[in-house]
Every structure is written in C-alpha cells, then in structure tokens.
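Understanding the architecture of this molecule
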Amino acid sequence: MKNVEIGPIRPPSESNSLLVRVTRGCHWNKCYFCGLYKSMQFSMRPIEETIEDIAKQAQLNKGKNFTSCFLQDGDALVLKTDYLLRILDALNRYFPNLQYITTYARADSITRKTLSELQALRQAGLNHLYCGMETGSDQILKLINKGFQADTVVESGCMAKEAGMILSEFILLGIGGKELSEENAAATAEALNIIRPDYIRVHATGIKPESKLGEFVRNGSFTLQSEEEIAVEQKSFLQQLQPMDSFYINEHIINLLLEVRGNLQTDKAQMLSVIERFLQLPPDEKLLFAVGRRLNIFFRLDDLKKPALHRQAEESMQKILRENPNIDFAVLCNYIRQSQI
C-alpha cells in the first residue's frame, strides 16, 4: 500500500483485516524450523511512525468498514504495555468500527506481562492472540530451539484466557519427525487440555532445506514423515484432546485434510472419521490423494471420486515417476509444503 509499511506475514484467518506493522521481524528469531525473518534485524517501529501509518490507512481506506486489525510482525506483545495502549487508542480513534484487534504473541512475551496488563490491553481492544506453541513437548521445544518450555506454553495460554482474550494456539504436526511423533501428539494434547483455547489451528510442518531443522534431516538425526504418518499423528493427537468448546481447524493450504475442522464438543467423531477414511484407502489411492493434494488437484477426499481430477492426478503421478523412478514421496511432499509457507 502506498506510503504505508506492511509486514510479510499474517495468519490465514486475517486475510481481510487491516494490517498495521508495529515491529519489524521477530525478537527471538532463533527457531530451527523458521526462516521467515532470518535476514531481518528486529526493531520496534517508532510510535509516531506507527500512528502516522494508522492515520494514512484511515484516509486510504475511507469508506471501507474494517472490523478486524492485525498487528504485525512476529510478536506485538513484546512491546511495553504503555506503548501498545497508545497504538490501540489510535486504532480505535481512526477505525471506530473495529471489533477485533489481534496479534501473534510468543508464550514468554505473554508471561512477562502481568494479568492486569493483559486485562488492560483487552479493555483497550486487543482481544485475540495467536500463539505459536508448536508443540507441548519439552523435548521437541528444545529440538527446535523454541526458547521456552511447555510450562510457559500452559501458563501463557491460561493467562490469556483469564484476561478474557480469544486465544488461538498453532500446533505443528510432524515437528518431531518419526522419532518423536507419538510424543508430539500426546504432549501437545496434554497441554491443550489444560489451556482449553478458543481455536486449535493445525499446520503440517514443512521443513525448509536451508533451516537448522533441514540440516538435521540431511545428517539423519531427524526423519521426515510420510503424509500417511502425519495423518496417523493427527488422529492420535485428536483422539487425546478432551471435549471442550474449542474450534479445531486445518486452515492452511499446506494441510492434507482440509475438511478436518469443527468444534471439539460436537464434531470430534466426525473429524476422526475423515482421518480414518483417508487411512483406510488402498495404498495406491492414499498416495495418489497425497500427491494430488500437494499439487492442488484435490482439496477434499471426495475429489478422489471425480473422474477428471482422478485422471489428472494419475497423469501427474506418472510424469513424476517417469522423471524420477526412485523418488521419495515423503521428501517430495515436504518440499512442496515448505514452498507454500
């Protein structure tokens, strides 16, 4: 947008939101699976500059009724509370119809606030936090160099809920590889059963070759899972989640089974049935769907029944095998996933 600074990322669910950049990059920037901000030095934008951008956006979007605003980049909660309150005040003045003001928030940034600070931010309009817990496993959190442990994940989530905020927790299927798949499912479910967030946003891991985790794949200390193995992990994870008023959603294009979504109180059995339906496919159909899904030929399991799409996927599979008869489909699917994030 002309003369307004916009950051590189926002959650999929914020696609129609006003975007306001309050920091540049990520203040931690050491996670072994993430390469988004590695070439960017973290900085806090000057408050006057941020408020000027808000005023400019109000002029540029005159007549457009934004109901949601997302504060960029990686974690606005790292900023001092007084600083954030000034930004929230400006947003409410220039965009009086906002119903939701949202941001990414690291677990350790939340726990550095007091409950009264979080409540003040909530009262000022910051009412939805997106938290990348990734996993509830201490072992995996250490493996990926997340910078905090599971007790911080749980404490931060419970604080956000107590402050009256809407809480979205992102989790990563496959982030422990084959070696720690069961651990990832069990420990992540255990943490979420305590937190009871409003949204559990499920993402399949796409490991970038240039990342530290990519190095672990190359040296053999981390083994990529197949799409089927990630689906088995998701089934185990979902089975271990208790009934709660939380919306479970496979929302990102990198996920295999986009239709696995619903309220954990009412839709858990239906979601598990979709995963089981995939797992019960004949091996060749299971692989065909996985590859077709990665190539954006299929989007739902029912697409397998559509002759034209089935034929298109078969032709793509045959081309892949002609060009590389010994292809490792776990590697191929991971390569496509990581290229989409």
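Refer to the structure presented above.
Quick look at the structure, then. (Residues numbered from 1 in each chain as written. Predicted model: local features only at pLDDT ≥ 70, side-chain atom pairs only at ≥ 80, totals over all residues. Heavy atoms only, no water.)

Each helix and strand counted, the protein chain has 13 helices and ten strands in total. The C-alpha extent of the protein chain, read off along each of the three principal axes, is 60 × 40 × 40 Å. Counted over contacts in the protein chain with a minimum sequence separation of 6, partners at least 24 positions apart contribute 75%. Carbon and sulfur atoms form 50% of the exposed surface of the protein chain, whose accessible area is close to 15300 Å². (Helix = DSSP H or I, 4+ residues; strand = E, 2+ residues; numbered from the N terminus. Contact = heavy atoms within 4.5 Å. Areas by Shrake-Rupley, 256 points an atom, 1.4 Å probe, with all protein chains shown as cover.)

Moving on, we get to the pairing of strand β8 (residues 199–204). Taken across its six residues, β8 has five buried, putting it largely inside the fold. Judged from the three bridges that link them, β8 and strand β9 (residues 247–249) form a sheet pairing that is parallel. In the sheet register, Ile200 faces β9, and the bridge partner there is Tyr248. (Buried < 20%, exposed > 50% of the residue type's maximum accessible area, 1.4 Å probe, protein only. Pairing = 2+ DSSP bridges.)

The next thing to look at is helix α9 (residues 227–240). Helix length check: α9, at 14 residues, gives a terminal C-alpha distance of 20 Å against a target of 20 Å (1.5 Å per residue), a fit within 8%. All of the buried residues in α9 are Glu227, Ile230, Ala231, Glu233, Gln234, Phe237 and Leu238. Here the buried residues of α9 occupy an arc of 160° about the axis, which is enough to place them on one side. (Expected span 1.5 Å × (residues − 1). Arc of directions from axis to C-beta.)

Here the focus is the side chain of Lys268. Structurally, Lys268 is set in helix α10 (residues 268–279). No salt bridge is formed by the buried Lys268; the nearest opposite charge belongs to Asp267, separated by 13 Å. Polar contacts involving the side chain of Lys268 include one to the main-chain carbonyl oxygen of Leu238, which spans 3.3 Å. (Lys, Arg positive; Asp, Glu negative; His and termini not counted. Salt bridge = Lys/Arg side-chain N within 4 Å of Asp/Glu carboxyl O. Polar contact = N/O pair within 3.5 Å; in protein donor to acceptor, adjacent residues only side chain to side chain.)

In space, the eight strands of this open sheet follow the order β1-β4-β5-β6-β7-β8-β9-β10, with mixed pairing throughout. Whereas interior strands pair on both sides, the edge strands pair on one side only; in this sheet they are β1 (18–21) and β10 (261–263). In this sheet, adjacent strand axes meet at a mean angle of 20° when their direction is disregarded. The sheet contact formed by strand β4 (residues 68–72) and strand β5 (residues 100–104) spans four bridges and is parallel. Its bridge partner lying in β5, Phe70 is registered against Thr102. (Axes fitted to C-alpha atoms, helices over the stretch in contact; angles between N-to-C directions.)

On to the packing of α9 against α10. The relative placement of two packed helices comes down to the angle between their axes together with the axis-to-axis distance. The N-to-C vectors of α9 and α10 enclose an angle of 160°; their axes lie 10 Å apart at closest approach. Viewed along their axes, α9 and α10 adopt a mutual orientation that is roughly antiparallel. Crossing of α9 over α10 shows left-handed handedness. When α9 is examined against α10, the residues Glu227, Glu228, Ala231, Val232, Gln234, Lys235, Leu238 and Gln239 are found in contact with a partner set consisting of Lys268, Met271, Leu272, Ile275, Glu276, Phe278 and Leu279. (Parallel < 35°, antiparallel > 145°, perpendicular 65-115°, else oblique. Left-handed = near helix turned anticlockwise from the far one by under 90°.)

A separate point is the pattern of salt bridges. The final tally for this structure, using the stated rule, is 22 salt bridges. Here Arg24 makes a salt bridge to Glu5, at a shortest N to O gap of 2.7 Å. Here the residue Arg24 occupies a position in strand β2 (residues 23–24), and Glu5 occupies one in the segment before β1, the gap between them amounting to 19 residues. Residue classification places Glu5 among the partly exposed positions, given a relative accessible area of 23%. Among the ionic contacts, a cluster of salt bridges with common partners joins Glu5, Arg21, Arg24, Arg45, Glu49, Asp53 and Asp73.

A cis amide bond links Gln72 to the next residue, Asp73, at an omega of 5°. Here Asp73 is to be found in the loop between β4 and α2 (81–94). For Asn29, which is not glycine, the phi torsion reads 55° and is therefore positive. We note that Asn296 has phi near 60°; this positive angle belongs to a residue other than glycine. Within the secondary structure layout, Asn296 lies in the loop between α11 (283–294) and α12 (307–323).

Moving on, we get to helix α8 (residues 212–219). For α8, the full list of buried residues reads Leu213, Gly214 and Phe216. Viewed along the axis of α8, the buried residues span an arc of 155°, placing them on a single side of the element. Summarising the contacts, the buried residues of α8 are in contact with α5 (138–143).

Time to look at the nonpolar core. Core analysis: the largest hydrophobic core is formed by 83 residues, its most contacted members being Leu71, Leu91, Leu129, Phe237, Leu241 and Tyr248. Setting aside chain neighbours within four positions, we find Leu241 in contact with Ala189, Leu192, Asn193, Ile200, Tyr248, Leu264 and Lys268. By size, the runner-up hydrophobic cluster in this structure holds twelve residues, among which are Phe33, Ile144, Leu180 and Phe216. (Core = buried A, V, L, I, M, F, W, Y, C linked by side-chain atoms within 4.5 Å.)

Glancing now at the environment of Asp198. Mapping Asp198 onto the fold places it in the loop between α7 (181–195) and β8. With 48 residues separating them along the chain, Asp198 and Ser246 place their C-alpha atoms 4.6 Å apart. For Asp198, the contacting residues outside a window of four places in its chain are Lys161, Met165, Ile166, Leu167, Asp245, Ser246 and Phe247. A distance of 3.0 Å separates the side chain of Asp198 from the side chain of Lys161, its partner in a polar contact.

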